[in-house]
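Observations on the model geometry
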2 protein chains.
Amino acid sequence: MVDATSTDDDLDRAFAALADPVRRAIVARLSRGPATVNELAEPFAISKQAVSRHIQVLELAGLVSRTRDAQRRPVHLEAARLEALTAWIDRYRLVREQQYRALDALVEQAHHLTTGAPSAPTKEQS
Amino acid sequence: MVDATSTDDDLDRAFAALADPVRRAIVARLSRGPATVNELAEPFAISKQAVSRHIQVLELAGLVSRTRDAQRRPVHLEAARLEALTAWIDRYRLVREQQYRALDALVEQAHHLTTGAPSAPTKEQS
DNA sequence: GGTGTAATCAACGAATCAGTTGATCAACAG
DNA sequence: CTGTTGATCAACTGATTCGTTGATTACACC
């Protein structure tokens, strides 16, 4: 099992890496198996160098790794880092928000009561 | 019941929003209930205006929403968008990569064979 | 009205990023 | 050795981002 707690820097790089449609497409493509830079660059209307840089960003984020085959450098997806991201999100997505939502309204009311102010009857401004 | 398939732009903004330790800390804090800008700004060594902007980024990403209470603007976490992110990741994290990993080595071998080159005397998979 | 508080807007500088083109490196093939 | 292919490096530009300070809006209390 992978270390569930990534450093801030790890998360920074990983989330930032996925904040780009080209890089997400590369991840999607790699989930179906490894590919070379040329193969990955083909679907896009940008230069091969740009794709190479995108891959480097993904690699620094730990989302992919590169092996070696002669001149080729097949890129592989690193599922572990993806799981680290879901691990982070899962900590907060099962939110106990709903109940607090109602509580928030109560606190608001309480504030008006303690300050003696009448609770505003449907704020409308002009 | 949120649309499980977010647009590229939605994902861009959401992932980018989480690619910052301050904003992630805000999300973490909000998972324990709504808070005002001042409350959210307190733990950080940056100006209140900067935090306000961070919240705006999160809001544009659909990760939080703001209600209204007099001068205060309590910020609430939007769990739905977080789930949209895990939904995207989950599509690729259960990767069939491992099997392709081995296949990759085979393809490499095949390449050497078809080109008549002697393959490295290493790979042996029973 | 006037004061104080919560929050945003506006303008600015420093830093980072995505893309480009041109040169370079490394591994083959002849 | 020469040529070709796969891929990266280097330098440059335009756009975006993060933080700052100063001014401004919106509301509440007196």
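Reading the values: the criteria
- Each chain carries its own residue numbering, running from 1 in the direction its sequence is written.
- As a convention, the first chain written is A and the first ligand written is 1, with the rest following in written order.
- In view of the model being predicted, local features appear only for residues whose pLDDT reaches at least 70, and side-chain atom pairs are presented and counted only at 80 or more, with totals across whole chains, interfaces and linings using the full set of residues.
- Computation of side-chain values covers all heavy atoms of the structure but excludes hydrogens and water.
- Between N-to-C directions, angles span 0 to 180 degrees; the directions come from axes that are lines fitted to C-alpha atoms, helices contributing only their stretch in contact.
- Elements are defined by DSSP. Helices are runs of H or I of four residues or more, strands are runs of E of two residues or more, and each kind is numbered from the N terminus.
- Note on angle classes: values under 35 degrees are labelled roughly parallel, values over 145 roughly antiparallel, values of 65 to 115 roughly perpendicular, and the remainder oblique.
- Note on definitions: a residue-residue contact is assigned when non-hydrogen atoms from the two residues lie within 4.5 Å.
- Polar here means any residue other than Ala, Val, Leu, Ile, Met, Phe, Trp, Tyr, Cys and Pro, which are nonpolar, and Asp, Glu, Lys and Arg, which are charged; Gly is therefore polar.
- To sort residues, take the accessible area from a 1.4 Å probe on protein chains only and compare it with the maximum for the residue type: under 20% means buried, over 50% means exposed, and anything in between is partly exposed.
- Nitrogen and oxygen atoms within 3.5 Å of one another constitute a polar contact, given that in protein one can donate a hydrogen and the other can accept it, and given that sequence-neighbouring residues count only through two side-chain atoms.
- Proximity is defined per residue: any heavy atom of the residue falling within 4 Å of a molecule or strand makes that residue near it.
- pLDDT measures the predictor's confidence residue by residue and takes values from 0 up to 100.
- Definition of nonpolar core: a set of buried residues of the types Ala, Val, Leu, Ile, Met, Phe, Trp, Tyr and Cys, connected through side-chain atoms within 4.5 Å.
- What counts as a salt bridge is simple: a side-chain nitrogen of Lys or Arg found within 4 Å of a carboxyl oxygen of Asp or Glu.

A few words now on the packing of helix H2 (residues 21–30) of chain A against helix H4 (residues 48–60) of chain A. All names here are of chain A. One way to put it is that H2 packs onto H4 with a least axis distance of 10 Å and a crossing angle of 75°. Considering their axes alone, H2 and H4 lie roughly perpendicular with respect to each other. Residues Val22, Arg23, Ile26 and Val27 of H2 form the contact with H4, whose own contacting residues are Val51, His54, Ile55, Val57 and Leu58. Counted by class, the contact of H2 with H4 contains seven nonpolar, one polar and one charged residues.

Residues and elements named next belong to chain A. Structurally, the position occupied by Ser65 is in strand S1 (residues 64–66). Taking relative accessible area as the criterion, Ser65 reaches 17% and is therefore assigned buried. A polar contact is formed between the side chain of Ser65 and the side chain of Glu78, at a distance of 2.9 Å.

Every one of the 25 residues lining DNA strand D counts as a neighbour, but Ser52 and Arg66 of chain A together with Ser47, Gln49 and His54 of chain B are closest to it. Of what DNA strand D places within 4 Å of the protein, 70% of the atoms are sugar or phosphate. One nitrogen or oxygen atom from the side chain of Gln49 of chain B is found 2.8 Å from a base oxygen belonging to DNA strand D. At a separation of 2.9 Å, a base oxygen of DNA strand D approaches a polar side-chain atom of Arg53 of chain B. For the surface near DNA strand D, the secondary-structure elements that each account for two or more residues are helix H3 (37–41) and H4 of chain A together with helix H4 (48–60) of chain B. Sorting elements by how many residues they give to the surface near DNA strand D places H4 of chain B first, with four residues. Partitioned by chemical class, the residues of the surface near DNA strand D number six nonpolar, eleven polar and eight charged.

Low-pLDDT portions of the prediction should not be read for the details of their coordinates. Residues and elements named next belong to chain A. Summing up the model confidence of chain A, the mean pLDDT is 80 and the portion of residues at 70 or higher is 71%. Within chain A, the element-level pLDDT minimum falls on helix H6 (residues 97–114), averaging 50, and the maximum on H4, averaging 97. Here residues 108–126 is modelled with pLDDT under 50, and outside its nearest four sequence neighbours on either side it reaches eight contacts, counting other chains as well.

In terms of nonpolar packing, the biggest core is built from 56 residues, with Phe15 of chain A together with Phe15 of chain B touching the most fellow members. Once you skip the residues sitting within four places of it in the chain, Phe15 of chain A turns out to touch Leu85, Trp88 and Ile89 of chain A together with Phe15, Leu18, Ala19 and Arg24 of chain B.

Turning our attention to the pattern of salt bridges. Under the defined criterion, the tally for this structure stands at 14 salt bridges over all chains. Across the pair Asp12 of chain A and Arg24 of chain B runs a salt bridge whose closest N-O atoms are separated by 2.8 Å. Within this pair, whereas Asp12 of chain A is found in helix H1 (residues 8–18), its partner Arg24 of chain B is found in helix H2 (residues 21–30), the two belonging to separate chains. We note that Asp12 of chain A, like Arg24 of chain B, is buried. Members of the salt-bridge network, linked through shared partners, are Asp9, Asp10, Arg13 and Arg81 of chain A.

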